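Observations on the model geometry
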Amino acid sequence: QKEVEQNSGPLSVPEGAIASLNCTYSDRGSQSFFWYRQYSGKSPELIMSIYSNGDKEDGRFTAQLNKASQYVSLLIRDSQPSDSATYLCAGHPMDTGRRALTFGSGTRLQVQP
Amino acid sequence: GAGVSQSPSNKVTEKGKDVELRCDPISGHTALYWYRQRLGQGLEFLIYFQGNSAPDKSGLPSDRFSAERTGESVSTLTIQRTQQEDSAVYLCASSIRQGVAQPQHFGDGTRLSIL
């Protein structure tokens, strides 16, 4: 089992809709999670971080964390074609002793105009 | 600098040659990370530095790969006797310090192509 898992997609939503991106993780001790956006041919760009259970909102983005279910999600409201990218979920696992983030393989989002 | 700077942005070399990739982290960031991303794949952790020491080298795929860092500044990733499977984008990231709550900020990467 991968430490951080994401559906590769593509997830296709119409412009103006809510895009829901999901991520599960295997290390119950993980404490912090990050969502990165990566446009084709570009490097990952940090868009959200979340450390505690519940919701965290920033503009059109809402990150949700449920540690009991080991589940992280990212909601994008009023999706725009410019949101079309691959979204990477990353967690900080504790049991491996590793100090770097563990990334999922990403979900490709397509927002249809 | 304002962001993480990597050079070169592109490198094409013949199989068997050595290559050196450079990363200049955000000023004041003590933690530095190297990742590899193959085409269409996720990020693969290689190595991280806290200051100029490397507590975690577990991701280096073989002894052909090595990295060093001078103080809390520039890091170089060296690949010796390159192989075609080394072709990938090599990404460097830095964070203000190592810790569970510290986000990492990425450079634009070096696209390495082995002929």
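Attention here is on the structure that accompanies the text. (Residues numbered from 1 in each chain as written. Chains lettered and ligands numbered in written order. Predicted model: local features only at pLDDT ≥ 70, side-chain atom pairs only at ≥ 80, totals over all residues. Heavy atoms only, no water.)

As a further point, take the side chain of Thr 107 of chain A. All names here are of chain A. Secondary-structure assignment places Thr 107 in strand 11 (residues 107-112). Judged by relative accessible area, which is 5%, Thr 107 ranks as buried. From its side chain, Thr 107 meets the backbone oxygen of Asn 7 in a polar contact 2.4 Å long. With residues up to four places along the chain from it excluded, the contact list for Thr 107 reads Gln 6, Asn 7, Ser 8, Gly 9, Leu 11, Leu 21, Ala 85, Thr 86 and Tyr 87. (Helix = DSSP H or I, 4+ residues; strand = E, 2+ residues; numbered from the N terminus. Buried < 20%, exposed > 50% of the residue type's maximum accessible area, 1.4 Å probe, protein only. Polar contact = N/O pair within 3.5 Å; in protein donor to acceptor, adjacent residues only side chain to side chain. Contact = heavy atoms within 4.5 Å.)

What follows covers the pairing of strand 4 (residues 31-37) of chain B. All names here are of chain B. Burial analysis of strand 4 places seven of its seven residues in the buried class, which makes it a mostly covered element. Every second residue of strand 4 is oriented toward a common face, with Ala 31, Tyr 33, Tyr 35 and Gln 37 on one face and Leu 32, Trp 34 and Arg 36 on the other, all of them buried. Following strand 4, the chain reverses through five residues before pairing antiparallel with strand 5 (residues 43-50); Gly 40 in that reversal takes a positive phi of roughly 75 degrees. Both strand 4 and strand 9 (residues 88-95) contribute to a ladder of seven bridges, which runs antiparallel. Looking at the pairing, Tyr 35 lines up with Leu 91 of strand 9. (Pairing = 2+ DSSP bridges.)

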